[in-house]
Amino acid sequence: MVKRCGRPTKTRGKCRIEIPADDPCCIQHATDEERATVFAERLANREQRQEAYRERRELWEAARERGIELRQAATERAKETGAAATELAEVLIRDYLSPAVPPPLAAEFRALAENRLRYAVADEETGYRPGRVGLVKGELRAVARGLPPTVEQAARAASHDGGVLDIMGKGHWAAGWLYHLTGRGMYPPAPELTAETVGILTDCLKRDLDRLHSLAAQIDDEASIEGITRWATRAIVRAAVPEARPLRELTVPVLRNTRYGRLDVVVWSAFGPDTVVEIDSALNPASAQKLAFARDAGAMPIWVRFGEGRTDAPDGVTVIDLR
Ligand SMILES: [Zn+2]
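These numbers come from a predicted model, not from an experiment.

Participant: Go over the overall build of the protein chain, please, and point to the residues and values.
Facilitator: Scanning the protein chain from terminus to terminus reveals 11 helices and seven strands. In terms of principal-axis extent, the alpha carbons of the protein chain reach across some 100 × 55 × 45 Å. For the protein chain, restricting intrachain contacts to residue pairs at least 6 apart in sequence, the fraction spanning at least 24 positions comes to 56%.

Participant: Quick one: what's the story with the domain arrangement of the protein chain, residue by residue and with numbers?
Facilitator: By a widely used convention, the size of an interface equals the accessible area lost when the partners come together. Splitting the protein chain by domain gives domain 1 (54–145) and domain 2 (191–321). A C-alpha centroid distance of 40 Å is found between domain 1 and domain 2.

Participant: So what's going on with the nonpolar core? Residues and values would help.
Facilitator: Ranked by size, the top nonpolar core spans 61 residues in total, and within it Leu-117, Trp-173, Ala-174, Ala-175, Val-266, Val-276 and Val-304 carry the most contacts. The element best represented in this core is helix H4 (residues 103–125), accounting for eight residues. Two domains each donate at least three residues to this core, and these are domain 1 (54–145) and domain 2 (191–321).

Participant: Give me the lowdown on helix H8 (residues 191–207), citing residues and values where you can.
Facilitator: Compared with an ideal rise of 1.5 Å per residue, which puts 17 residues at 24 Å, H8 spans 24 Å between its outermost C-alpha atoms and is within 8% of the ideal. Residues of H8 that are buried: Thr-197, Leu-201 and Leu-205. Angular distribution of buried residues about the axis of H8 spans 65 degrees; they occupy a single face of the element. Turned more than 90 degrees from where H8 packs its buried face, Pro-191, Glu-192, Ala-195, Glu-196, Gly-199 and Asp-203 sit exposed.

Participant: Summarise the pairing of strand E5 (residues 275–280); cite the residues concerned and give the values.
Facilitator: Counting buried residues in E5 gives six out of six residues, a clear majority hidden from the surface. Of the two faces of E5, the one holding Thr-275, Val-277 and Ile-279 and the one holding Val-276, Glu-278 and Asp-280 are both buried throughout. Looking at chain direction, strand E4 (residues 259–269) and E5 are connected through three bridges and run antiparallel. Across the sheet, residue Val-265 finds its bridge partner in E5, namely Val-277. In textbook terms, the turn of a hairpin is the stretch between consecutive antiparallel strands, and for E4 and E5 this stretch comprises five residues. Examined bridge by bridge, E5 and strand E6 (residues 300–305) share six bridges and lie parallel to one another. Paired with Thr-275 across the strands is Met-300, a residue of E6. For the crossover from E5 across helix H11 (residues 285–296) to E6, the handedness is right-handed.

What counts, and where the lines are drawn
- Residues numbered from 1 in each chain as written.
- Predicted model: local features only at pLDDT ≥ 70, side-chain atom pairs only at ≥ 80, totals over all residues.
- Helix = DSSP H or I, 4+ residues; strand = E, 2+ residues; numbered from the N terminus.
- Contact = placed C-beta atoms within 7 Å.
- Domains from an automatic or database assignment.
- Core = buried A, V, L, I, M, F, W, Y, C linked by C-beta atoms within 7 Å.
- Buried ≥ 20, exposed ≤ 12 C-beta atoms within 10 Å, placed from the backbone.
- Expected span 1.5 Å × (residues − 1).
- Arc of directions from axis to C-beta.
- Pairing = 2+ DSSP bridges.
- Right-handed = clockwise from strand over helix to strand, strands pointing away.

Here you go:
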């Protein structure tokens, strides 16, 4: 039999708190006399525990404040640890980065390593996080060993992982990398499929065409061009069929100066070739180059054009002219 307190409560009848068989009631409902006798020891213990807890809390609070101070000092210190970080990054690159890593990825790795090491050195020097340099170096070695991406990784990403290849935390176009690494594209899309896709996108884009024209009339600066590009991007993303996955701003292994370019929209589908869309207000040679690459990789390249200029495109690239 469970013994319960049984004393009257203020609101809900008798108190139902379980108590040891020898107790007259629960501590809460004890009289002053019972508190001084039956519960005296337990109340004293409780107070002691509360006191100890308060003290521990204060210690923790102090430790937390010290941590915040140290972190601030480390952040400040990181402004001066650039040279040390560069030296450490050099060694990592020399010892762990494969010469086969393409220059844009090598440059990105260098920037990543220098930045992370700058903070790691500062964290150690200020005592904020001891051992941080070793830890970060270990993580960076693992990143370096994972470069460049392999054919297997690109193939898996292109077919199973939604079309995105993760390289140093950034989204790259998987099918583009597969082509870049193997020199072989996916089988090209059937002409009917391209025609259907272009039809869907054109319908979707032209539905709001009146609005686009009023926007286009205002094109006199970069801002409104960007506005139309954003609008068209959204329209294309909306036009993607449910089983497809629209992806914005994926990096593509096509050089633009010393860096890789990015694609406005890629629509990935588990069942067919990717659709690659560039949206431009003028004849942009970089877009033509990216779309030709997409074509060679076996995707459906589509160039949405508004604004000014000729609309000639590389062979195999479909133009949707919104003017
Ligand atoms: Zn009670």
